[in-house]
Amino acid sequence: MQDDVRTDVWSAELEELLVRIGHRFGRVDLRRRMRAYVHGLLGPVGRKNSWQLAEHAGHRTPAGLQHLLSRACWDPDEIRDDLQEYVAEKLGDPAGVLIIDDTGFIKKGTVSAGVQRQYSGTAGRTENCQIGVFAAYATVRGRALVDRELYLPKSWTSDPDRCAQAKIPDERAFATKGDLAKAIIMRALASPLPIAWVTADSAYGQEWRLRRMLEEAGVGYVLAVPKSQHVHAVGRIDFAIAQAPDDAWERHSCGAGAKGPRVYDWAAARLPTIDDFDSDEPTHDRWVLARRSLARPDAIAYYLAYAPAGTPVAELVRIAGARWAIEEAFQAAKNECGLDQYEVRRYPGWYRHITLAMLAHAFLAAMAAAAGTERGAAETVPTPSRHSPWRKSGDSWQLAAPRRRTCGTPATR
């Protein structure tokens, strides 16, 4: 009986979502095909390509679903906007975190839009693949993918004929993954999603323009950076962290993992105020942050952070740990909604399939949140810790800018 009730609730919620986006499809036949496609993405289909989705829907051939992805008249960006509004309603929280990352889609041949031999973090090696830059939105209520862009290498954007064959718009010029990330973030900040923080790995965190954009927007961030990252006034981040006294390191959990809390040693220090748009009493602080493995103390990850004044270190740790939510979202969207199981080759088809798969995954996330099964972020509770430019200021550490040596004057200690 409970299963019947749950099925009825899910069916009603899915119907409401499909009605919500239905007006984006101008004809009845397109709305029916869209419904069949989304139902198939959520259904028990072995491999969620057009052939098997058509069989699941009872269609004699996949022609109708292939037409939906390739030639039909509808704009996947409008569905993305509807998706963001839906996620804001179902998962939104004032402390929401936007997470940026990319994922690879292994492909054969040379004609799929954006494909080439390139490094894929998903595969952990160089592969013939497409790369998509994504944003996920995470709160204690759940997480869902909310935006996407296909990365086009210069081997594509410098070849107009190749782009034309893949139906890539003429106005689509080369953009780095960082550029795509900035565009995604700006759209998210303009959307109904309540966003307090942004986090990403070092491929994006090292982009100073991205960090500056977030600071000027007044949005907090905790962004991973490479160990060679230069920090104004204190030098390389790894050198600065190496000078941290023993009692600057505290043990925190940065969230729940598959095997329990993800516990590391963390060191954090506020940076001197240096920027010209800071007021006499700045509302935000900049931080350096480091995460050290308990099993391998030489394995250290580095972060730059920008946070409202008074933010505790435990909160910075929580945001750093939130980055794993997008990995979980990728895995769920691929395993459960066929995010990576498409066989389209052209640019419009990629955006259409990916957007509908994201919509299906957001529906599952909303249902999990409604059922109370989504795990919230684990509290970050420090345990007793274990003694440069590191100075204790109240209950936190601060990195003091070294005094400059002037000509003929000994350095002040």
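Note: the structure precedes this text.
Everything numeric in this text was worked out from a predicted model, so none of it was measured.

With that out of the way, let us pick up the overall build of the protein chain. The number of helices and strands found in the protein chain is 14 helices and 14 strands. Evaluated residue by residue, the protein chain yields a buried proportion of 52% over its 413 residues. Within the structure as shown, the protein chain displays about 20000 Å² of accessible surface, and the carbon and sulfur contribution to it stands at 49%.

Take the pattern of salt bridges next. Side chains carrying opposite charge are able to pair once their charged atoms draw close together. In this structure the tally under the stated criterion is 26 salt bridges. The salt bridge involving aspartate 29 is made with arginine 27; its shortest N-O contact spans 2.7 Å. When its relative accessible area of 25% is taken as the criterion, aspartate 29 is described as partly exposed. A relative accessible area of 45% means that arginine 27 is categorised as partly exposed. Put simply, Asp77, Arg80, Asp81, Asp147, Arg148, Glu149 and Arg187 are held in one network by salt bridges that share partners.

Let us now look at the side chain of arginine 291. With respect to the secondary-structure elements, arginine 291 resides in strand E11 (residues 284-292). The side chain of arginine 291 is buried and forms no salt bridge, while aspartate 265, the nearest opposite charge, is found at 11 Å. Here the side chain of arginine 291 touches tyrosine 303 through a polar contact of 2.8 Å, side chain to side chain. Ignoring any residue separated from it by four or fewer positions in sequence, one finds arginine 291 in contact with Tyr264, Asp265, Trp266, Ala299, Ile300, Ala301, Tyr303 and Trp324.

At a closest axis distance of 7 Å, the pairing of helix H4 (residues 63-70) and helix H14 (residues 347-371) adopts a crossing angle of 105 degrees. By the angle between their axes, H4 is roughly perpendicular relative to H14. Along its contact with H4, which presents Leu68, Leu69 and Ser70, the element H14 presents Pro348, Gly349, Arg352, His353 and Leu356. Split by residue class, the contact of H4 with H14 holds four nonpolar, three polar and one charged.

Moving on, we come to unusual backbone geometry. Most peptide bonds adopt trans geometry, and most residues besides glycine take a negative phi value. Positive phi, normally seen in glycine, also occurs at lysine 167, with a value near 60 degrees. Structurally, lysine 167 is set in the loop between helix H7 (160-165) and helix H8 (177-190). By relative accessible area, lysine 167 is classed as partly exposed at 46%. A positive phi is found at alanine 233, a non-glycine position, where the angle reads about 85 degrees. Assignment of secondary structure puts alanine 233 in the loop between strand E7 (230-231) and strand E8 (235-236). When its relative accessible area of 26% is taken as the criterion, alanine 233 is described as partly exposed.

So, on to the side chain of asparagine 49. With respect to the element layout, asparagine 49 can be found in the loop between helix H2 (28-42) and helix H3 (50-57). Here asparagine 49 falls in the buried class, since its relative accessible area comes to 6%. With sequence-adjacent residues up to four places away left out, asparagine 49 is seen in contact with Gln341 and Glu343.

Our focus in this paragraph is the pairing of strand E10 (residues 260-270). Counting buried positions along E10 yields eight of 11 residues, so the element is predominantly enclosed. Note: strand E9 (residues 249-257) against E10, seven bridges, orientation antiparallel. The residue bridging glycine 257 from the neighbouring strand is glycine 260, located in E10. In terms of strand pairing, E10 meets E11 through six bridges, oriented antiparallel. What sits directly across from alanine 268, in E11, is leucine 289.

Following the criterion strictly, the structure yields 13 aromatic pairs and no others. When the centroid spacing of 5.9 Å and the interplanar angle of 35 degrees are considered together, the rings of tryptophan 266 and tyrosine 303 count as tilted. Of this pair, tryptophan 266 sits in strand E10 while tyrosine 303 sits in strand E12 (residues 300-308), and the two are 37 residues apart along the sequence. Using a relative accessible area of 1% as the deciding quantity, one classes tryptophan 266 as buried. On the basis of relative accessibility, which here comes to 4%, the residue tyrosine 303 falls in the buried class. Through successive ring pairs, a cluster of aromatic residues spans Phe105, Phe134, Phe330, Tyr342, Tyr347, Trp350 and Tyr351. One cation-aromatic arrangement involves arginine 162 over tryptophan 156; the distance from NZ or CZ to the ring centre is 3.8 Å. Above the plane of the ring of phenylalanine 239 lies arginine 236, whose end atom (NZ or CZ) is 4.7 Å from the centre.

Attention now moves to the pairing of strand E4 (residues 142-150). Across the nine residues of E4, nine count as buried, placing the element largely inside the fold. Here eight bridges tie strand E3 (residues 125-139) to E4, and the two strands are oriented antiparallel to one another. Across the sheet, residue alanine 135 finds its bridge partner in E4, namely aspartate 147. The antiparallel pairing of E3 with E4 creates a hairpin that spans two residues between the two strands.

Next up on the list: H8. An ideal rise of 1.5 Å per residue puts 20 Å on 14 residues; H8 measures up with 20 Å between its terminal C-alpha atoms. Those residues of H8 that fall on the buried side of the exposure criterion are Gly178, Leu180, Ala181, Lys182, Ile184, Ile185 and Ala188. Packing partners of the buried residues in H8 comprise strand E1 (97-106), E3, E4, strand E5 (197-200), helix H9 (202-205) and helix H10 (208-217).

This paragraph deals with the nonpolar core. By size, the foremost hydrophobic cluster in this structure holds 130 residues, and its most contacted members are Ile100 and Leu145. For this core, the element with the highest residue contribution is H14, accounting for 15 residues. Not counting the four nearest positions on each side in its chain, isoleucine 100 is found in contact with Val133, Phe134, Ala135, Ala181, Ile184, Ile185, Thr199, Ala200, Asp201, Tyr204 and Ile326.

So, how was this worked out
One numbering rule holds for all chains: residues counted from 1, following each sequence as written. Local features are withheld for residues below a pLDDT of 70 in this predicted model, meaning they are given only at 70 or higher, and side-chain atom pairs are given and counted only at 80 or more; totals for whole chains, interfaces and linings count all residues. Hydrogens and waters are ignored; side-chain quantities use all the structure's heavy atoms. Each helix corresponds to a stretch of at least 4 residues labelled H or I by DSSP, and each strand to a stretch of at least 2 residues labelled E; elements are numbered beginning at the N terminus. Relative accessibility under 20% of the residue-type maximum defines a buried residue, over 50% an exposed one, and the middle range a partly exposed one, all with a 1.4 Å probe and only protein chains included. Exposure was quantified through the Shrake-Rupley algorithm and a 1.4 Å probe, taking into account, for residues, occlusion by the shown protein chains and nothing else. Whenever a carboxyl oxygen of Asp or Glu lies within 4 Å of a side-chain nitrogen of Lys or Arg, that contact is scored as a salt bridge. Charged-residue counts in this description rest on Lys and Arg as positive and Asp and Glu as negative, His and the chain ends being excluded. Polar contacts, as counted here, are pairs of nitrogen or oxygen atoms within 3.5 Å of one another; within protein the pair requires one atom able to donate a hydrogen and one able to accept it, and residues that are adjacent in sequence qualify only if both atoms are side-chain atoms. By the convention used here, residues are in contact when the closest approach between their heavy atoms is within 4.5 Å. The axes are straight lines fitted to the C-alpha atoms, using for helices just the contacting stretch, and the angles between their N-to-C directions are given from 0 to 180°. Should an angle lie under 35 degrees it is considered roughly parallel, over 145 roughly antiparallel, and from 65 to 115 roughly perpendicular; all remaining angles are considered oblique. Gly falls in the polar group here, along with every residue not listed as nonpolar (Ala, Val, Leu, Ile, Met, Phe, Trp, Tyr, Cys, Pro) or charged (Asp, Glu, Lys, Arg). When DSSP finds at least two bridges between two strands, those strands are taken to pair. Only Phe, Tyr and Trp rings are paired, with Trp represented by its six-membered ring, and only when their centres lie within 6.5 Å; those with planes under 30 degrees apart are stacked, over 60 edge-to-face, the remainder tilted. Comment: the charge-over-ring label is applied if NZ (Lys) or CZ (Arg) is within 6 Å of the ring centre and within 35 degrees of the ring normal. In this analysis, the expected span of each helix is defined as 1.5 Å times one less than the number of residues it contains. To form a nonpolar core, buried Ala, Val, Leu, Ile, Met, Phe, Trp, Tyr and Cys residues must be joined to one another through side-chain atoms within 4.5 Å.

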